[in-house]
Amino acid sequence: MTATVHKIDFTAPPEPGTVLLWRGQRYEVEGCEDYQRRDGAMIVLIRWRTHCADCGMPAMFRSPLRSKWPNRRCSDCAKPGRVVR
């Protein structure tokens, strides 16, 4: 059974299939990957699958283990700072 969470706040990488429900939008963990930041530090990024809140097309984004909110749009519909209606 997969876990359902309501915020991105993990102490360890979540299992693939973990579901995030955020403001009526569903996200699913596809997997995790190591990432080297510009300062040289290694961190883990979570790969999330969802559908764009504007056009409905499948979308993917990555986040660290802790984040305030997920990306709600695909790269074609991206509007940083604009509210999803």
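Placed above this text is the structure.
Model, not experiment: these values are computed from the prediction.

A. Quick look at the pattern of salt bridges. Enumeration over the complete set of coordinates arrives at ten salt bridges. D9 is the partner of K7 in a salt bridge, and the nearest nitrogen-oxygen pair spans 4.0 Å. Classification of D9 by relative accessible area gives partly exposed; the value is 39%. Among the charged side chains, a salt-bridge network with shared partners connects R26, E28, E30, E33, R47, R49 and R62.

B. The nonpolar core, seen in detail. In terms of nonpolar packing, the biggest core is built from eleven residues, these being V5, I8, F10, L20, W22, Y27, V29, I46, W48, F61 and L65. Put simply, the parts of the chain that give this core at least two residues each are β3 (19–22), β4 (25–36) and β5 (42–51). Apart from the residues lying within four places of it in its own chain, the contact partners of V29 are P14, E15, P16, G17, T18, I46, R47 and W48.

C. Spatial organisation of the environment of R47. Checked against the element boundaries, R47 lands in strand β5. Along the sequence, R47 and V5 sit 42 residues apart, while their C-alpha atoms lie 15 Å from each other. One polar contact links the side chain of R47 to the main-chain carbonyl oxygen of C32, over a distance of 3.4 Å.

D. Seen up close, the environment of W69. In this structure, W69 sits in the segment after β7 (66–67). Residues W69 and I8, 61 residues apart in the sequence, show an inter-C-alpha distance of 7.1 Å. Aside from chain neighbours lying at most four places away, what touches W69 is I8 and W22.

Rules of the game
- Residues numbered from 1 in each chain as written.
- Predicted model: local features only at pLDDT ≥ 70, side-chain atom pairs only at ≥ 80, totals over all residues.
- Heavy atoms only, no water.
- Salt bridge = Lys/Arg side-chain N within 4 Å of Asp/Glu carboxyl O.
- Buried < 20%, exposed > 50% of the residue type's maximum accessible area, 1.4 Å probe, protein only.
- Core = buried A, V, L, I, M, F, W, Y, C linked by side-chain atoms within 4.5 Å.
- Helix = DSSP H or I, 4+ residues; strand = E, 2+ residues; numbered from the N terminus.
- Contact = heavy atoms within 4.5 Å.
- Polar contact = N/O pair within 3.5 Å; in protein donor to acceptor, adjacent residues only side chain to side chain.

Keep in mind that these numbers describe shape and distance, not what the molecule does.
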